[in-house]
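Coordinate analysis (summary)
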Amino acid sequence: SACGNGGKWAKALKLFDELQRRGLEPDIITYNALISACGKGGQWAKALKLFDELQRRGLEPDIITYSALISACAKGCQWEKALELFDELQRRGLEPDIITYNALISACGNGG
């Protein structure tokens, strides 16, 4: 997403709110873009809250969701949470891809 790439996570959240005010239902693609934007902006805790929210809405996270979350945790030095998410995605039967592994390696590298 353009807002995520520019580090404009707050703008992405405002657009998300506007989308909902207009009666549009966010889908998994919307959430993935927003989680990615928050991760790029160093907002790992907000990314995790969005992950919880999408599941409450009945949406199914995909490998893109998990990769974005793991990347957000990497930027926030939350390597233990990144490992938990990696375990969770495998329990759900999702196949990690190169992006997922790169994010996880980065998270472990930032773990101190």
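Above this text you will find the structure in question.
Heads up: these notes are all about the structure in this document. None of the values given here were measured: they were computed from a predicted structure. (Residues numbered from 1 in each chain as written. Predicted model: local features only at pLDDT ≥ 70, side-chain atom pairs only at ≥ 80, totals over all residues. Heavy atoms only, no water.)

Moving on, we get to unusual backbone geometry. In this model, C77 sits at a positive phi of 60 degrees, which is unusual for a non-glycine residue. Considering the arrangement of structural elements, one finds C77 in the loop between α5 (63–75) and α6 (79–91). C77 sits in the partly exposed class, given a relative accessible area of 45%. (Helix = DSSP H or I, 4+ residues; strand = E, 2+ residues; numbered from the N terminus. Buried < 20%, exposed > 50% of the residue type's maximum accessible area, 1.4 Å probe, protein only.)

This model, assessed by the stated rule, comprises 6 salt bridges. A salt bridge links E60 to R92; the shortest N-O distance between them is 2.9 Å. You can see E60 sitting in the loop between α4 (44–56) and α5 and its partner R92 sitting in the loop between α6 and α7 (98–109), a full 32 residues away along the chain. Here R92 and E88 are joined by a salt bridge, their closest N and O atoms 3.6 Å apart. You can call R92 partly exposed: its relative accessible area is 34%. Where salt bridges share partners, they join E25, E53 and R57 into one cluster. (Salt bridge = Lys/Arg side-chain N within 4 Å of Asp/Glu carboxyl O.)

With that out of the way, let us pick up the packing of aromatic side chains. For the structure shown, the criterion picks out 3 aromatic pairs. Between the aromatic rings of F51 and Y66, the centroid separation amounts to 5.4 Å while the plane-to-plane angle is 70 degrees, which identifies the pairing as edge-to-face. Taken together, the positions of F51 in helix α4 and Y66 in helix α5 put the pair 15 residues apart, joining distant regions of the chain. Considered together, F51 and Y66 belong to a single accessibility category, that of buried residues. (Phe/Tyr/Trp six-rings, centres within 6.5 Å; stacked < 30°, edge-to-face > 60°.)

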